[in-house]
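Each chain, written out:
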Amino acid sequence: MHCPFCGNNESRVIDSREAPDGVRRRRECIRCELRFTTYEKVHSMPLMIAKRDGRREAFSTDKLERSLQTACAKRPLEVGAISKMVVDIENELHKLAKAEIEARVLGEMCIERLRVLDRVAYIRFASVYRDFQDVDSFTKEVEALTDPDAEEAGSKSQLRLIEDDVPRLAQRGRRRRARQG
């Protein structure tokens, strides 16, 4: 490992920690005694995505994240929800232990997660992914979301905007009344 300050190739490891992508190491140069950080990442087998038209393309987490961000634009999602989804999908793809994955499989992974995360984002993504040809096919997809079973599953993970704040405000009022009384 070359020191970024003096170029010396001898350093000692001061601290090692697990990082989301691999291992983070804090090092100290033997010559200049300055400290620097390195990140080690396991180089896994590159995934290839087999497109519907027969083309092959390298899997890109950036491309996946951009498409999910487009579907989730202006939606009230938790910070990091999309990034977590991308990491989960990538991990699941690697667990399949295949060098080539069909785009259909990747699309279905996204669809499943978006359906649980946010229904509007799900419809946006599905409208592009499933390439609805007419209003009827789009309407059928929306009606499937209004199914009572699907509604219960989606509402548990849907981010709440106001409902969570109401009980807290009510508790504050009780505390004030208890102090005054």
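The structure this text deals with has already been given above.
Residues numbered from 1 in each chain as written. Predicted model: local features only at pLDDT ≥ 70, side-chain atom pairs only at ≥ 80, totals over all residues. Heavy atoms only, no water.

Peer 1: How would you summarise the environment of Glu57 if you had to cite specific residues and measurements?
Peer 2: One can find Glu57 in strand E5 (residues 56-58). Glu57 has contacts with Leu47, Met48, Ile49, Lys51 and Lys63, leaving out every residue within four places of it along the chain. One polar contact links Glu57 to Lys63, side chain to side chain, over a distance of 2.7 Å. (Helix = DSSP H or I, 4+ residues; strand = E, 2+ residues; numbered from the N terminus. Contact = heavy atoms within 4.5 Å. Polar contact = N/O pair within 3.5 Å; in protein donor to acceptor, adjacent residues only side chain to side chain.)

Peer 1: Run through the sheet that holds strand E3 (residues 35-41), naming residues and quoting values.
Peer 2: Read across the open sheet, the three strands follow the order E1-E2-E3; overall the sheet is antiparallel. The two strands at the open ends of the sheet, each matched to only one other strand, are strand E1 (11-19) and E3. On average, adjacent strands in this sheet sit at an angle of 25 degrees to one another, irrespective of strand direction. Of the pairings in the sheet, the one linking E1 to strand E2 (residues 22-29) comprises eight bridges and is antiparallel in character. Following the sheet pairing, Ser11 is matched in E2 by Cys29. (Pairing = 2+ DSSP bridges. Axes fitted to C-alpha atoms, helices over the stretch in contact; angles between N-to-C directions.)

Peer 1: Explain the pattern of salt bridges residue by residue, including any values.
Peer 2: Once their charged atoms are close, side chains differing in charge can pair, the charge on each being opposite to the other. Scanning all chains against the criterion turns up 14 salt bridges. Where Glu28 meets Arg12, a salt bridge forms, and the shortest distance between an N and an O atom there is 2.6 Å. Here Glu28 is found in strand E2, whereas its partner Arg12 is found in strand E1, with 16 residues between them in sequence. Of the residues examined, Arg12 reaches a relative accessible area of 44% and is grouped as partly exposed. Where Arg35 meets Glu28, a salt bridge forms, and the shortest distance between an N and an O atom there is 3.5 Å. Note on Arg35: relative accessible area 43%, which makes it partly exposed. One network of salt bridges, with partners in common, ties together Lys51, Asp53, Arg55, Glu57 and Lys63. (Salt bridge = Lys/Arg side-chain N within 4 Å of Asp/Glu carboxyl O. Buried < 20%, exposed > 50% of the residue type's maximum accessible area, 1.4 Å probe, protein only.)

These figures come from the coordinates and say nothing about function on their own.
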